[in-house]
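Structural overview
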Amino acid sequence: MMNIILIAPPAAGKGTQAKLISEKYNIPHISTGDLLRDEIKKETTLGLKLKEIMDKGDLIDDATILNLLKKRLSSSDCSNGYILDGYPRNISQAIEYEKLINKLNRDIGKVIYFDIDKTLALKRTISRIVCPDCGTSYNLLVDDLRPKKDGVCDKCGCYLKARDDDNEKVFLNRFETFITKTNSLKDFYQRKGILYIINIDKNKSVNDIFNEIIEVLES
Ligand code: AMP
């Protein structure tokens, strides 16, 4: 069983790496951001409330996230492991998560922390475009992540657009939220001896970073 938690500020590349890990090890990629965006797409009352909070770059309340996650982790495709992208985001989520996996008799696995400079994260955030239909993410700043045809999704041919929360103002709030609420998870997991740090810099390709992650996972 391979359980992995990815922790990173916005636009550090955790979604991209999670997809690669998912393909290599054949385990599901569970992004709480994607679970929330799916809820928004359904245009339910809950979805509208979530959108308002996410568009400002604030965190959704712990109970709502835990509910979505519990449902997802109970699926049979999670029995051989999974990659958690975007969860936990604060210490109380980390504590709730431990209770949940203890109940499910699962191992916490490895935690990979992406360390990225704020200026680079901002540049990447405002250069990110996503497919509103299939959710594939592209980045005009990263060589390997540009779409083959300008503005069009390689996978489904839809027109690409920026996420509503990928602008400078919201980025600054999301980054601040990361520093004040999420970053304490670094010490939390370091103390448990399961934290691995990957440094992200502009000279590393997607593949370079992926190879570093494989080394961690297979060590
Ligand atoms: P992401 O796709 O990981 O960048 O997440 C996008 C947005 O979804 C975040 O800015 C939060 O508003 C919300 N979100 C995702 N995961 C969580 C979480 N674990 N706890 C609270 N809010 C979350």
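Just so you know, these numbers come straight off a predicted model, no measurement behind them.

Criteria and thresholds
- Residues numbered from 1 in each chain as written.
- Predicted model: local features only at pLDDT ≥ 70, side-chain atom pairs only at ≥ 80, totals over all residues.
- Heavy atoms only, no water.
- Near = heavy atom within 4 Å.
- Polar contact = N/O pair within 3.5 Å; in protein donor to acceptor, adjacent residues only side chain to side chain.
- Areas by Shrake-Rupley, 256 points an atom, 1.4 Å probe, with all protein chains shown as cover.
- Helix = DSSP H or I, 4+ residues; strand = E, 2+ residues; numbered from the N terminus.
- Nonpolar A, V, L, I, M, F, W, Y, C, P; charged D, E, K, R; others polar.
- Buried < 20%, exposed > 50% of the residue type's maximum accessible area, 1.4 Å probe, protein only.
- Pairing = 2+ DSSP bridges.

Among the 17 residues in the neighbourhood of the ligand, the closest are listed as T32, R37, D58, G86 and Q93. Between the ligand and K14 there is a distance of 3.2 Å, counted from an oxygen atom to a side-chain nitrogen or oxygen. Measuring from an oxygen atom of the ligand, one finds a side-chain N or O atom of R37 at 2.8 Å. When the ligand is considered free in solution it has 490 Å² of accessible area, and contact with the protein chains removes 97% of it. It is helix α2 (residues 32-41) that provides the largest number of residues to the shell around the ligand, a total of four residues. When the residues that make up the shell around the ligand are grouped by side-chain class, the tally is six nonpolar, four polar and seven charged.

With that out of the way, let us pick up the pairing of strand β3 (residues 81-85). With respect to burial, β3 is a largely interior element, five of its five residues being buried. Sheet analysis places strand β1 (residues 2-7) next to β3, joined by five bridges and oriented parallel. Residue pairing across strands places L6 opposite D85, the latter belonging to β3. Pairing of strand β2 (residues 29-31) with β3, which is carried by three bridges, proceeds in the parallel orientation. When the bridges of β3 are listed, H29 appears paired with I83.

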